[in-house]
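# Analysis of the macromolecular model
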Amino acid sequence: MSESYDLIMKLRAIRDFRPEPVSEEHLEAILEAARWTGSSKNRQDWSFVVVTGDRLQGLAECGDFTDPVRHSAATIVLVKEEGGNMFDIGRAAQNIMLAAKAIGVASCPITLHRSGEAREFLGAPEGTETRYAVALGYPGDAASPRRFGGRKPAEAVVRHQRY
Ligand SMILES: Cc1cc2nc3c(=O)[nH]c(=O)nc-3n(C[C@H](O)[C@H](O)[C@H](O)COP(=O)(O)O)c2cc1C
């Protein structure tokens, strides 16, 4: 249909990354896509914390399925500022993933189940929430999606006019 549509349709969670760092240029492009995400009332109640190197192991301790964080070249934690909303955080996360894919960087959404610990680990102020992150890296050899479960059929999820 179009290249952009293809990008959206082919976006998958990737958990195998090459060890090299994400280039400054690519990281900046990804963060710009996050920063330019539309938000409720344009409030932009978010911060994006980039974690790299040894600190990735500590961050990974804050969630239950965080191997992609351990193996990532960089993980961006989406910090919801006090009063912000999760819809905006979700939009920013998706923009991070789409922008990353557009420039050849693979990504995986991450839940930090112990978000309070994550908040302390990052030194984020009280009242902020640090539940979600996106792990990033150049795709490794096993970068095809590990647990691709397909999707529910359209008949099961699309309704018209009324539920
Ligand atoms: C809100 C959210 C949280 C997620 N948390 C994790 C996580 O902690 N660890 C992980 O490996 N994948 C996580 N994922 C990735 C999902 O498992 C993935 O989106 C789903 O399996 C569909 O994958 P696919 O797009 O490759 O088909 C998360 C996804 C979302 C949307």
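Residues numbered from 1 in each chain as written. Predicted model: local features only at pLDDT ≥ 70, side-chain atom pairs only at ≥ 80, totals over all residues. Heavy atoms only, no water.

### Quick look at the sheet that holds strand β3 (residues 106-111)
If you walk across this open sheet you meet the 4 strands as β1-β2-β4-β3, and the pairing is antiparallel. Of all strands in the sheet, those with a lone pairing partner are β1 (46-52) and β3, marking the two edges. Here the average twist between neighbouring strands, direction ignored, is 25°. As paired elements, β3 and strand β4 (residues 129-137) share 6 bridges and run antiparallel to each other. When the bridges of β4 are listed, Cys 108 appears paired with Ala 135. The strands touched by helix α2 (residues 24-35) within the sheet are β1, β2 (74-80) and β4, with β1 carrying the most contacts at an inclination of about 160°. (Pairing = 2+ DSSP bridges. Helix = DSSP H or I, 4+ residues; strand = E, 2+ residues; numbered from the N terminus. Axes fitted to C-alpha atoms, helices over the stretch in contact; angles between N-to-C directions. Contact = heavy atoms within 4.5 Å.)

### A short note on helix α5 (residues 86-102)
Taking 1.5 Å per residue, 17 residues should reach 24 Å; α5 reaches 24 Å between its end C-alpha atoms and fits that length. Those residues of α5 that fall on the buried side of the exposure criterion are Asp 88, Ile 89, Ala 92, Ala 93, Ile 96, Met 97, Leu 98, Ala 99 and Ala 100. As for α5, its buried residues are in contact with α1 (3-9), α2, β1, β2, β3 and β4. The N-cap residue of α5 is Asn 85: its side-chain oxygen and the backbone nitrogen of Phe 87 are 3.0 Å apart. (Expected span 1.5 Å × (residues − 1). Buried < 20%, exposed > 50% of the residue type's maximum accessible area, 1.4 Å probe, protein only. Polar contact = N/O pair within 3.5 Å; in protein donor to acceptor, adjacent residues only side chain to side chain.)

### Points about a nonpolar patch on the surface
On the surface, Met 1, Tyr 5, Ile 8 and Met 9 cluster together into a nonpolar patch covering about 500 Å² of accessible area. In this fold, Met 9 is placed in helix α1. For Met 9, a relative accessible area of 46% translates into the label partly exposed. (Patch = residues over 30% accessible without salt bridge, like charges linked within 9 Å, V, L, I, M, F, W, Y side chains within 5 Å. Areas by Shrake-Rupley, 256 points an atom, 1.4 Å probe, with all protein chains shown as cover. Salt bridge = Lys/Arg side-chain N within 4 Å of Asp/Glu carboxyl O.)

### Points about the site of the ligand
Residues in close proximity to the ligand total 13 residues, the closest being Ala 13, Arg 15, Phe 65, Thr 111 and Arg 151. Within the contact set of the ligand, an oxygen atom lies 2.8 Å away from a side-chain nitrogen or oxygen of Arg 15. In this structure, an oxygen atom belonging to the ligand sits 2.9 Å away from a side-chain N or O atom of Arg 151. Here the ligand has 630 Å² of accessible area as a free molecule, and 67% of this is covered by the chains. The greatest single-element share of the shell around the ligand, amounting to 4 residues, is contributed by β3. Broken down by class, the residue content of the shell around the ligand amounts to 8 nonpolar, 1 polar and 4 charged. (Near = heavy atom within 4 Å. Nonpolar A, V, L, I, M, F, W, Y, C, P; charged D, E, K, R; others polar.)

### Describing the environment of Ala 13
The topology assignment puts Ala 13 in the loop between α1 and α2. The class for Ala 13 is partly exposed, based on a relative accessible area of 23%. Taking the C-alpha atoms as reference, Ala 13 lies 15 Å from Ile 76; in sequence the two are 63 residues apart.

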